[in-house]
Every structure is written in C-alpha cells, then in structure tokens.
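Single-letter residue listing:
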Amino acid sequence: MFPSAVKARRPLRLRHGLALGLLYLAGCGSLPTIVPDLTRRSGPAVQLEGARGPLSAAQSKVILDGLRSRGQGTDIFERHLALEEAIVGSPLTTGNQVLLLQDGPATYEAMFAAILAARDHINMETYILEDDEVGQRFAQALVDKQRQGVQVNLIRDSLGTFGTPVAFFQRLSDSGIRVLEFNPINPLVGRKDWELNQRDHRKLLIVDGRTAFLGGINISSVYSGGSSSRGSRARPDASSAWRDTDLQLQGPVVAELQKLFIATWETQKGEPLITKNYFPRPESAGRQVVRAIGSSPDEAYSLIYATLLSAIGSAETSVHLTNAYFVPDPQLLAALEAAVQRGVNVTLILPSRTDSWLVFHAGRGYYEQLLRAGVKIYERRGVILHSKTALIDGVWATVGSTNLDWRSFLHNHELNAVVLGAEFGSQVQAMFEKDLAASDAVTLEQWELRPLHLRIKELLASVWEYWL
C-alpha cells in the first residue's frame, strides 16, 4: 500500500510547488529575510498558569527554580523565557502530563483509545486525511461516536485532502459530524478572501477538552509501519516506514489548544459549533511546564519560528534539530552558525530519502555552508523522516507540525508545543540519540566530492524553495 500512496502524494506536492511558483515568480525577484524583533526586553518575571488560573510570582518562581535545578547548569530560563513570553503571548502552563509518541502505530492506538473514551466532543484538525485503511478506521470511529451523541468537529485542509473522495467526507457529514474545508481550492466555494497559498498544516486532536494530540503525523496508511527496526543498513529497501513524532497532552495546556482550534473554525467562517463543554474546569494532570504555540501567515511572522530563533540564540551547550523538510532562510542559517561560534554543539538529523525531491535537494544546497561553519549533519537512513522536533540545552524541547522551510515559516498554519525541563528533555534526547544511531554522518570532505548531477538538482531546486 505504501508505494502507491507515496506515488499519489508526491505529484500533489510537486504540482503544488510548481503551480504556486508560476503564480508568484514574476512578482518575487529575491527571497525575503524574516526578521522578527528579538530584542531583549526587561519586564515582570515569567508567570505560569495552572489548573486554577494564574500562579503568583512566588509560585511560578518555585516551579521554574525546580526546572532549573534539574537542568545542566544553564541559564536558558533567564535568558529565554521572558523573551519567548513577549514574542508568543500564549501562557506558560504547569500541571500538564506529556507523553512522547514515536511513529504512527503508537500514536494511532493512543488516539483511538481517547476517541473510544470520548463522552462530550471531539475536535480534529488535519492536513492529510486519506481514504485508505487508516483513514477509514478513523472515519468509522468518529461516526460511531457521533451516533452516540458525542459531537465531532473536523477541520481538513482543502489541498492536503485534495485526493480524498468527496464521498468520504459526505459520509461524515451525513452522520452529523461538522466538516469544515480549510481555504477551499475552488475560489467559488471560499468563505473568505481566497488565498491558495495559505494551508492548514496543523495536526490536532482534542477529546472532551481534556486530552490532546499534536505533532507531525497525518491520517494515512503510510504511517502503518513502525520505524524501530528500519534503520539497519541490512534493510536498504525498508521503504514502508515513516519516522514521525507526536505528543499526547493532558492538563491546562489543552484549553490553549482548544482556543486555537475554535479560532481557526471561526476565522474560516464555519457554521456555528454546537454547544458542548469545550472548556471543562482545568485539572492538574502532571508536573510538566508547556506552552502551546500556533502560527499563522496572517501574523507579521511565524511565532513558532521566532521562538525557535530565540531558543537557538539562548543556547549554551547544544542544539539538536530533527526535521523532515529543511530549507533554511538566512536568519536561521545565521543563528545556527552563531551558536557554533559560541561553542554550542549544533547537530541536525535530516532525511536521506523523501517524498519531495525538490525540498530534499533545495535543503542539501545548504550543506556545504553549514558544514564549513561546524554544524554537524546526519541523514536518517532506511525510513522516510517526517519528524519535526528540537531540543536546546537538554531543557527546552518542541514537537509539532512545523518544518524548517519557507512554506512553514511564511505560508502555513502550524502548531507546536514547547515543553520545559530536563525530565522531558531527557526523553527527547534519548529519541534523538536513537535516530542518530540510525543515521549516517555527512562530512565536508565527503560532500565536496558529490557528483555533478546532485549539484545540478540542488541548483534547480533552489529556484523553487520559497514555494515548496
């Protein structure tokens, strides 16, 4: 099933990039530089929100001091948190439980368990929802809950679900599920100003306002295979595994994710949501400190991108990035190079194979510059790498839908969660090391000897990087 699925999706992504490129090529002579205001600001101490509302300055200080004491002697909290607060605006919440989910099988089973337990409502937002074995399983589970009186609301991106038959969504609508097509490709059915280039790349599932899932995993059978056994050189044909990462969250941060979902619904002018208990009384579910960050092209710049830049700029020991589509803009390149110059260990895990050769080779066009600067680059072998994670100094971690490319920074609606502290950071570090062990190092000496046809592909792909 995987090969046909990949073949079906690859032309869609390529057609998307080429069509948008033709639309904008005449009007764009050069790539813009994204420059959010990262000026250090002085102001009140960072305040956290818990299950019963905002914590006092003293209570917030105790929690942050606890995170700091379990860290590695870094002052990333002082140097970063206040700046992040000023940039993003969304609250830093405590009392959360965060479960790291690796790959499709584990994520889907956790999602189905949550859906099965739903009693009030299910809100789902996704880029891709395919009419395949996994998609049909989700559809049946959602229809079953709707028939039991649980209200299901679904936001699906028009382009991402372009290949999914209309009948698939009609079945959902006929059962009573509210289905909202984000930014319809057909301008005649658009509910607001038509923006072909703006896409909803978020992946979000909220159950009863208490449990949420987010990350990079779409609803598709390409994720049916796990990647844990696919990294061996002895399995070079292990093409059926997609490597991705999601989070399962409980606690006060779920209300922030719910606000983002409802805001998207209202902005897209969906029909009024049926009244349900979308914001149950928050309850403490754990001890993790989490911030939900949504970004939109309607804003001056990507909030996720800006806070990532601030985190890299605050790094003291390590920057570990794992990303599926890596086409950096000049400011991200400068931030990575500056971190190396400060003595920070900057390591990237990127794909060795991909479902979009244009993005793949456009990103590889920056390898030589990064390697010369001292950035370490590894390529994950044996899988389609689709994960989007970052870990800074072992204590600042983010997982979400955001790629490190122009499309995510400028054109997509994206969603990430930032989790603070060494406890969760150690889990992300272990995941990073596992991927690193299944990756091959790219050295400058090796890269300078790459054949001419690869250099030509990099050059051709670079022309399209803004629209990919």
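Just so we're clear, the structure is a prediction, and the values are computed from it rather than from any experiment. (Residues numbered from 1 in each chain as written. Predicted model: local features only at pLDDT ≥ 70, side-chain atom pairs only at ≥ 80, totals over all residues. Heavy atoms only, no water.)

1. So, the overall build of the chain
Step number 1: The helix and strand inventory of the chain stands at 15 helices and 20 strands.
Step number 2: Among the 468 residues that make up the chain, the fraction classed as buried is 60%.
Step number 3: Taking all contacts inside the chain whose residues are at least 6 apart in sequence as the whole, residues at least 24 apart take part in 83%.
Step number 4: Looking at the chain as shown, the accessible area adds up to about 18,400 Å², and 55% of this sits on carbon and sulfur atoms. (Helix = DSSP H or I, 4+ residues; strand = E, 2+ residues; numbered from the N terminus. Buried < 20%, exposed > 50% of the residue type's maximum accessible area, 1.4 Å probe, protein only. Contact = heavy atoms within 4.5 Å. Areas by Shrake-Rupley, 256 points an atom, 1.4 Å probe, with all protein chains shown as cover.)

2. So, the confidence of the model for the chain
Step number 1: Chain-level statistics for the chain give a pLDDT mean of 85 and a share of 80% at 70 or above.
Step number 2: For residues 1–31, every residue scores under 50 in pLDDT, and the model assigns this stretch 50 contacts once sequence neighbours within four places are set aside.
Step number 3: Every residue in residues 229–238 scores below 50 in pLDDT, and together they form 18 contacts with partners more than four places removed in sequence or on other chains. (pLDDT = per-residue confidence, 0-100.)

3. A few points about helix α4 (residues 104–117)
Step number 1: Spanning 14 residues, α4 covers 20 Å between terminal C-alpha atoms, matching the ideal 20 Å at 1.5 Å per step.
Step number 2: Buried within α4 are the following residues: G104, T107, Y108, A110, M111, F112, A114 and I115.
Step number 3: Next to the buried residues of α4 lie β3 (92–102), β4 (121–126), α5 (133–147), β8 (204–207), β9 (211–215) and β11 (245–250). (Expected span 1.5 Å × (residues − 1).)

4. Notes on the nonpolar core
Step number 1: Of all hydrophobic cores here, the largest spans 53 residues; its most connected members are I312, V319, L336, V346, L348, L370 and I377.
Step number 2: Per element, the largest residue contribution to this core is eight residues, and it comes from helix α8 (residues 303–314).
Step number 3: Not counting chain neighbours up to four residues away, the residues in contact with L348 comprise L321, F326, L370, V375, K376, I377 and Y378.
Step number 4: M111, L129, V134 and L154 belong to the second-largest nonpolar core, a separate cluster that totals 33 residues. (Core = buried A, V, L, I, M, F, W, Y, C linked by side-chain atoms within 4.5 Å.)

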